[in-house]
Amino acid sequence: MYLIESEENVGFLTASYVKNRIEAFITTPEKPYFVIALPTGGTSLDLYNHLVKFHKEGLLKFDNVVTFNLDEYIGLPAKHPESYHSFMARNFFDHIKIPQEQVNILNGNASDLEKECRLYEEKIKHYGGIDLFLGGIGQNGHIAFNEPGSSFSSRTRIVNLSEDTIKANSRFFNGDISLVPSRALSMGLGTIMESKEVIIMATGIKKAQALYHAFEDKTNTAWPITILQKHPRVFVLADKPAASEISKTIKQNYGLCSFIK
Ligand code: GLP
């Protein structure tokens, strides 16, 4: 796990990395698509702004990219402004050219939710797994909607949102926790761990405690992010406030890597 503490814009750095990876990808008959897992949430807005900018400048194309979103609320109409379908359309897909069939977002209104999850896993496998996982982090250390207590071997499934998450996400629902769905579909930690590379973006002081655990704690289910310590290639991109609880020694040990050449 590498820590990249950045004065620069975390979204810009991540977008640049994504661009480099897509450019470097060589399509073959066995592996025609580069597979990216995409997050939602406030932290990711900057990433999408920069990806759209690169695309509009003609520097980035998505013809050979397949995307899988990390999660979606259960029972919120796809057209609801706070559904992750709407979020993705508004902030990304409406502004880029990508074939519709290369975009995958879990359907939180499917009549058979378990089947929806199973098919999602099968589809990810069909495309050869996730090449690049992009995620944020919850204040309680969740990744996607894998809340504290989630099994490290979990797959895409129905999850109950924790009180912390409902409270944190109520800011998108006029601050009214009763409007936040209490359940969601989410990729599992097992699904995420099979990704070839992982990037976690964290900004702001509210993420400082979660990042402290990510780097200084033992791997434990109370802080789902700690599972990433066992992944061979993880970059955590953090701004100064988010990285402020991580000790100097840890920063020296984990911080040495070249991220973008
Ligand atoms: C939601 C998403 C997570 C995301 C988290 C952080 O709970 N399901 O995938 O990491 O929000 O959101 P924000 O970036 O708004 O703090």
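Cut-off values and rules
Residues numbered from 1 in each chain as written. Predicted model: local features only at pLDDT ≥ 70, side-chain atom pairs only at ≥ 80, totals over all residues. Heavy atoms only, no water. 1 Å grid on protein atoms, 1.4 Å probe; cavity = no way out; pocket = protein on both sides within 12 Å on 5 of 7 lines; lining within 4 Å. Points joined across faces, edges and corners; volume = space filled by probe spheres on them. Helix = DSSP H or I, 4+ residues; strand = E, 2+ residues; numbered from the N terminus. Axes fitted to C-alpha atoms, helices over the stretch in contact; angles between N-to-C directions. Parallel < 35°, antiparallel > 145°, perpendicular 65-115°, else oblique. Left-handed = near helix turned anticlockwise from the far one by under 90°. Contact = heavy atoms within 4.5 Å. Nonpolar A, V, L, I, M, F, W, Y, C, P; charged D, E, K, R; others polar. Buried < 20%, exposed > 50% of the residue type's maximum accessible area, 1.4 Å probe, protein only. Pairing = 2+ DSSP bridges.

*Asks:* Give a description of empty space enclosed by the protein that names residues and reports values.
*Replies:* Evaluated as defined, the whole model comprises one cavity of 30 Å³ or more. Each pocket or cavity is described by its volume, and for the largest cavity that value is around 40 Å³. Every residue lining the largest cavity is listed: V18, I36, L38, L51, F62, V65, T67, F92 and L134. Broken down by secondary-structure element, the contributors of at least two residues to the lining of the largest cavity are β2 (34-38) and β3 (65-69).

*Asks:* Explain the packing of helix α1 (residues 10-24) against helix α2 (residues 45-56) to me, using residue names and the numbers behind them.
*Replies:* Their axes nearest at 8 Å, the elements α1 and α2 cross at an angle of 45 degrees. On the basis of their axis angle, the class for α1 and α2 is oblique. α1 and α2 meet at a crossing whose hand is right-handed. Contacts between α1 and α2 involve G11, F12, T14, A15, S16, V18 and K19 on the former and, on the latter, D46, L47, H50, L51 and F54. The residue makeup of the contact of α1 with α2, split by class, is six nonpolar, four polar and two charged.

*Asks:* I'd love a proper account of the pairing of strand β9 (residues 197-202), names of residues and values included.
*Replies:* Every regular strand shows the same layout, with side chains that alternate between the two sheet faces. Most of β9 is tucked away: six of the six residues are buried. The pairing of strand β6 (residues 132-135) with β9 spans four bridges and is classified as parallel. Residue pairing in the sheet places F133 in a bridge with V198 of β9. Looking at chain direction, β9 and strand β10 (residues 234-238) are connected through five bridges and run parallel. Looking at the pairing, A202 lines up with A238 of β10.

*Asks:* An account of the layout of surface pockets is needed here, citing residue identities and associated values.
*Replies:* Approximately 580 Å³ is the volume attributed to the largest pocket. Tallying contributions element by element places helix α5 (residues 163-169) first for the lining of the largest pocket, with four residues. Counted by class, the lining of the largest pocket contains nine nonpolar, 13 polar and five charged residues. As a volume, the second largest pocket reaches approximately 220 Å³. Contributing to the lining of the second largest pocket are H85, M88, A89, F93, D94, I96, I98, P99, Q100, V103, N104 and I105. Looking at the lining of the second largest pocket, the elements with two or more residues in it are α3 (84-91) and β5 (103-104). With three residues, α3 is the largest single contributor of residues to the lining of the second largest pocket. Residues belonging to the lining of the second largest pocket are distributed by class as follows: eight nonpolar, three polar and one charged.

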